[in-house]
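Report on the structure
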Amino acid sequence: MRTPPSAATRATRATRASRWWGGRWALRCGALAVLASGAGVVPVVSAGAAPEPVTPTSQVLEVPVVAVDGTPTGKPSSSSSQPSASASATPSGTPSGTPSSGGPAATGRQTVPAEPGDEPVEELATGPVRTEDFNLVSVQWDGDPDADVDVQVRVRTDDGWSGWQALAVEDSAPDPGTKEARQAAEKGSTSPLWVSGGADAVDVRVSVPSDATTPDGEPAVSDVRTSLVDPKASVGTQPAAANPAASAQAASAMPGVISRAQWGADESLRLSKCSAPTYTGTPKVAFVHHTAGSNTYTAAESAAIVRGIYYQHTVVQGWCDIGYNFLVDKYGQVFEGRYGGMDKAVLGAHAGGFNANSFGVSVLGNYETAKPTSAVLDALARVIAWKFSLSQTDPTGKGVLYSAGLGGTNLRHPAGAAVTLNTISGHRDVGATACPGANLYSQLPALRTKVAQLMSEKEWDLRTTSTPGAPDGTAYFGDQKGTALSCDWDGDGTDGLAVYTAGRWSIKQTPGNDDEDLAFSYGSATMLPVCGDWNGDGVAGIGVYDPATYTWWLRETATPGAPDRKFAYGFKGVRPVAGDWDGVGRSGIGVYDGYRWWLRGTATPGGAGAVFQYGWPQATPMTGDWDGDGRDTVGVYATGTWWLRNTITPGQPDSLFGYGAATDRPVVGRWDVSGLTPSASTETGSGGGSEGTGDGDAATGVTRDRGDGVGVWRTWP
């Protein structure tokens, strides 16, 4: 699994190995009596250093009535004309931007001429108000959540005042009749607008029909206010490449996803609203959304935008949690949304009336005006394909959802109405909304095809280091029913891929997406495959292990033929492993019985040189050079979590992280992924790629001291 060492290096390592085998290993074997008596250590989950949560702060400004029918009025609103105490009420100087509708901007009065035949319109405005710094702005009101309001805002940044921008009325919502919906009842809100770089002053104006009422005869809009949220964009949170705390939730996560802990979710916000997530039935439909906010944000700001939306949904709008199950930014970064388990059917608040038996993925930005990047479409496809693989949902098929009742943007489907939808649909398919924007909605047919292709492929998500994060490269290769392996088949110092299926080997000498380079038969359906550099010549050979006779059948090349080595080593119920335990450039063998490892330094029969306890029966044994010191050590993989030791000794894991999902199969190798498309987060340098330990580009090249990378092989059910 590594670049062959030089002759001088091999000689040095051979000398070191002879001392190690004769001395150090003898001491280790001397400790076996202690280990066998039950003193061995089984890995246990420890929380590790989790990222600190980030709690956004907000200011609330009241928006007073200033005119009716375009005529200034002294009519008081139900709110004070002064901002709340959390913001300065002192107006800034005359803004550099020109209001689109004349009037003395410094006083905040907006005069809008009434046209003949227009219905009476009530105008509300703050005028320019200096505030504390903020990045997110939205407007709320009491009364009708879906009132016919026209909201515009401009902000002052370091570049001066922006132009006026319209805020869309929030079109996501909890299902009618739920506790979550009751908490948010009779409150309306716009979607939040992101201000890249922040602002320190705001100017808001709102128009609403003055005779609009609720069904109870109350004013449709009252107590209008604007919320300015500072999600602390300058606070560093851990991106996908960071080491998350181990948890059952993280263990079943989609590879490359940025978890709630990593984007800085303050879990107390959701817990103050609802004590636990609500679950629904198997997802039948994936709804694609957009947040309708700004398209001008950096990859580094995306986590802060997600924090801001989370604060908006929970604190400002009173929901149980962020409404979406997943969020995707324009750079292709994927964020965990609503709490409860990414692999679980968590009831969201993304498509009011149709949240049950569905999940929602929202793209940060306004795709009524912007066009989705290839990174957006790729990320959407990966999320939906992963979720649909868990539920075995056909992405090109149809699903039937039953309306939970009228409410939000669901104006057409009363409670109980059956609605047949594409399994990948846009929010507008069930609501009176433009979401997910015309430019993204038009891409849904292509998205369905892309998801179907992903689900029919055999996907290798490869990282070039033994750390969590986004894949550095993705390959598609192999038979769905086989066993994944990775070794240096051609002696070029990098590993290729292989799939073994019932005695048939399919080998790619370099990770890629086309057909196999080598295909031949060696072994049988009952045998287990292995690979390794058995003779130290720098080229990996193949092998099979017969669990019935404990026999190893090894060839020193990746070719069919008679075995070059045949011997017995093992016992009932063990799994074979291989690795360069002593760092001399050749592979030894070993077996793992579910608790203990029995390792030999060469691919020969004989006694075990080291026996120790590490793991448990449900875990998959893995071997690799995790720290780049030239020696393979041990690890285990279970339900998406890697537990790696940097020595062949018992103890706690030296590295513990989540990468993969419960249904994925792990693989280890030293890959050159320069010929593969990297993940979007690697392309943008936003934290999703690898960091090398040696010279060269760790995301695409191979260095001698880099160590092995981890990967998962996903075959969509």
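Note that the coordinates shown come from a computational prediction; the quantities given were computed from them, not determined experimentally. Every chain begins its residue count from 1, and numbering advances along the sequence as written. Owing to the predicted nature of the model, reporting of local features is limited to residues with pLDDT of at least 70; listing and counting of side-chain atom pairs is limited to 80 or more, with chain, interface and lining totals taken over all residues. The side-chain numbers reported here are obtained from all heavy atoms of the structure, hydrogens and water having been left aside.

**A closer look at the overall build of the chain**
Numbering of helices and strands starts at the N terminus; helices are DSSP runs of H or I of at least 4 residues and strands are runs of E of at least 2. When helices and strands are tallied, the chain shows eleven helices and 38 strands. Each residue is assigned to one of three classes by its accessible area relative to the maximum for its type, calculated with a 1.4 Å probe on protein chains only: buried under 20%, partly exposed between the two thresholds, exposed over 50%. Out of the 717 residues belonging to the chain, those deemed buried represent 56%. Within the chain, counting contacts between residues at least 6 apart in sequence, those at least 24 apart form 68% of the total. Put simply, the chain shows about 26500 Å² of open surface, and 52% of that area lies on carbon and sulfur atoms. By the convention used here, residues are in contact when the closest approach between their heavy atoms is within 4.5 Å. Here the accessible surface of atoms and residues is derived via Shrake-Rupley with a 1.4 Å probe, and residues count as covered only by protein chains that are part of the display.

**Examining the state of the cysteines**
Cysteine sulfur atoms that come within 2.5 Å of each other are treated as a disulfide pair. In this structure the tally under the stated criterion is two disulfides. One disulfide in the model links Cys274 with Cys320; its S-S distance is 1.8 Å. Residues Cys274 and Cys320 are joined by a disulfide whose S-S torsion is about -50 degrees; by sign, that bridge is left-handed. In this pair, Cys274 sits in the loop between α6 (267-271) and β12 (285-290) while Cys320 sits in the loop between α7 (302-316) and β13 (326-328), placing the two residues 46 residues apart along the sequence. Here Cys274 matches Cys320 in class, with each residue buried. At a sulfur-sulfur separation of 2.2 Å, the disulfide partner of Cys487 is Cys531. On the S-S bond that ties Cys487 to Cys531, the torsion sits near 85 degrees, and the link is right-handed. In this pair, Cys487 sits in strand β21 (residues 483-487) while Cys531 sits in strand β25 (residues 528-532), placing the two residues 44 residues apart along the sequence. An identical accessibility class is assigned to Cys487 and Cys531; each is buried. Looking at the chain, its bonded cysteines, counted consecutively from the start of the sequence, adopt the pairing 1-2, 3-4.

**With respect to the nonpolar core**
Val288, Val334, Val361, Leu380, Ile384, Leu447 and Val451 are the most contacted members of the largest nonpolar core, which totals 31 residues. When contributions to this core are tallied by element, the ones reaching two or more residues are β12, β13, β15 (358-363), α8 (374-391) and α10 (444-456). Among the elements that take part in this core, α8 stands out by supplying ten residues, more than any other. Beyond its immediate sequence surroundings of up to four residues, Leu447 is in contact with Val288, Leu377, Leu380, Ala381, Ile384 and Ile424. We call a set of buried Ala, Val, Leu, Ile, Met, Phe, Trp, Tyr and Cys residues a nonpolar core when their side-chain atoms join them within 4.5 Å. Core analysis: the second largest hydrophobic core is formed by 26 residues, Val63, Val137, Val202 and Val206 among them.

**A word on the sheet that holds strand β23 (residues 504-508)**
Strands belonging to one sheet form pairs held by backbone hydrogen bonds; the direction of such a pair is parallel or antiparallel. Taken in spatial order, the four strands of this open sheet run β21-β22-β23-β24, and their pairing is antiparallel. With partners counted over all chains shown, the strands left at the sheet margins are β21 and β24 (518-521), one partner each. In this sheet, neighbouring strand axes are inclined to one another by 20 degrees on average, regardless of whether the strands run parallel or antiparallel. Pairing geometry for strand β22 (residues 496-501) and β23, over five bridges, is antiparallel. Its bridge partner lying in β23, Ala498 is registered against Ile507. The criterion for strand pairing is that DSSP finds at least two bridges linking the strands in question. To obtain each axis, a line is fitted to C-alpha atoms, and for helices this fit is confined to the stretch in contact; angles are then taken between N-to-C directions over 0 to 180 degrees.

**Thoughts on the pairing of β12**
Counting buried positions along β12 yields six of six residues, so the element is predominantly enclosed. Sheet topology note: the β12/β15 ladder contains six bridges and is parallel. The partner of Phe287 across the bridge, within β15, is Gly360. Relative to strand β18 (residues 424-426), β12 runs parallel, the two sharing three bridges. For Phe287, the partnering residue across the bridge sits in β18 and is Ser425.

**Comments concerning a negative patch on the surface**
Patches here: salt-bridge-free residues with over 30% relative accessible area, like charges joined within 9 Å, nonpolar side chains (Val, Leu, Ile, Met, Phe, Trp, Tyr) joined within 5 Å. Each reported salt bridge corresponds to a side-chain nitrogen of Lys or Arg within 4 Å of a carboxyl oxygen of Asp or Glu. This count recognises Lys and Arg as positive and Asp and Glu as negative, with His and chain-terminal groups excluded. One atom stands in for each charge, and that atom is NZ of Lys, CZ of Arg, CG of Asp or CD of Glu. Together, Glu132, Asp133, Asp158 and Asp159 make up a negatively charged patch on the protein surface. Examined against the element boundaries, Asp133 turns out to sit in strand β5 (residues 129-143). Owing to a relative accessible area of 54%, Asp133 belongs among the exposed residues under this scheme.

**Overview of the pairing of strand β34 (residues 633-638)**
The buried count for β34 comes to six of six residues, which makes it a mostly enclosed element. What you see with β34 is no split at all: Thr633, Gly635 and Tyr637 on one side and Val634, Val636 and Ala638 on the other are buried throughout. As paired strands, strand β33 (residues 620-624) and β34 are joined by five bridges and run antiparallel to one another. Note that in β34 the partner of Thr620 across the bridge is Tyr637.

**Some words on unusual backbone geometry**
The omega torsion across Cys435 and Pro436 is 10 degrees, close enough to zero to call that bond cis. A positive phi is found at Asp223, a non-glycine position, where the angle reads about 50 degrees. Structurally, Asp223 can be placed in strand β11 (residues 221-230). Of note in the backbone geometry, Thr639 takes a positive phi value of approximately 45 degrees without being a glycine. Of note, Thr639 is situated in the loop between β34 and β35 (641-644). Assessed through its relative accessible area of 46%, Thr639 is described here as partly exposed.

**Here we look at the pattern of salt bridges**
The tally for this structure, following the rule as stated, stands at 21 salt bridges. As a salt-bridge pair, Lys508 and Asp517 come within 3.9 Å of each other at their nearest N and O atoms. What makes Lys508 buried here is its relative accessible area of 4%. Three or more residues joined by partner-sharing salt bridges are found here, namely Arg260, Glu267, Arg270 and Asp321.

**What about the packing of α8 against α10?**
Put simply, α8 and α10 touch, their axes get as near as 9 Å, and they point 55 degrees apart. If you check the angle between α8 and α10, you find them oblique. Like other packed secondary-structure pairs, α8 and α10 cross with a definite hand, here right-handed. Here Leu377, Asp378, Leu380, Ala381, Arg382, Ile384, Ala385, Phe388 and Ser389 of α8 come into contact with α10, specifically with Leu447, Lys450, Val451, Leu454 and Met455. Just so you know the grouping, Ala, Val, Leu, Ile, Met, Phe, Trp, Tyr, Cys and Pro go in nonpolar, Asp, Glu, Lys and Arg go in charged, and all remaining residues, Gly too, go in polar. Split by residue class, the contact of α8 with α10 holds ten nonpolar, one polar and three charged. In these notes the angle categories are as follows: under 35 degrees is roughly parallel, over 145 is roughly antiparallel, 65 to 115 is roughly perpendicular, and the rest is oblique. With the far helix as reference, a near helix turned anticlockwise by less than a right angle produces a left-handed crossing, and one turned clockwise produces a right-handed crossing.

**Section: α8**
With 18 residues, α8 ought to run about 26 Å at 1.5 Å a step, and its terminal C-alpha atoms sit 26 Å apart, in line with that. Most of α8 sits out of view: 15 of its 18 residues are buried. At the C-terminal side of α8, Gln392 shows a positive phi close to 55 degrees. Helix span is expected to be 1.5 Å times the residue number reduced by one.

**Here we look at the packing of aromatic side chains**
Centres within 6.5 Å are what make two rings of Phe, Tyr or Trp a pair, Trp counting through its six-membered ring; a difference in plane orientation under 30 degrees is then read as stacked, over 60 as edge-to-face, and the rest as tilted. Tallied over the full model, the rule gives 16 aromatic pairs. A centroid spacing of 6.3 Å and a plane angle of 10 degrees characterise the contact between Trp552 and Phe567, whose relative ring orientation is stacked. Of this pair, Trp552 sits in strand β27 (residues 551-554) while Phe567 sits in strand β28 (residues 565-568), and the two are 15 residues apart along the sequence. Arranged with centres 4.8 Å apart and planes meeting at 50 degrees, the rings of Tyr592 and Trp597 form a pair that is tilted. Here the two residues Tyr592 and Trp597 agree in accessibility, since each one is buried. Taking the ring centre of Trp164 as reference, the NZ or CZ of Arg205 above it sits at 4.0 Å. Consider the ring centre and the ring normal. A charge sits over the ring if Lys NZ or Arg CZ is within 6 Å of that centre and within 35 degrees of that normal.

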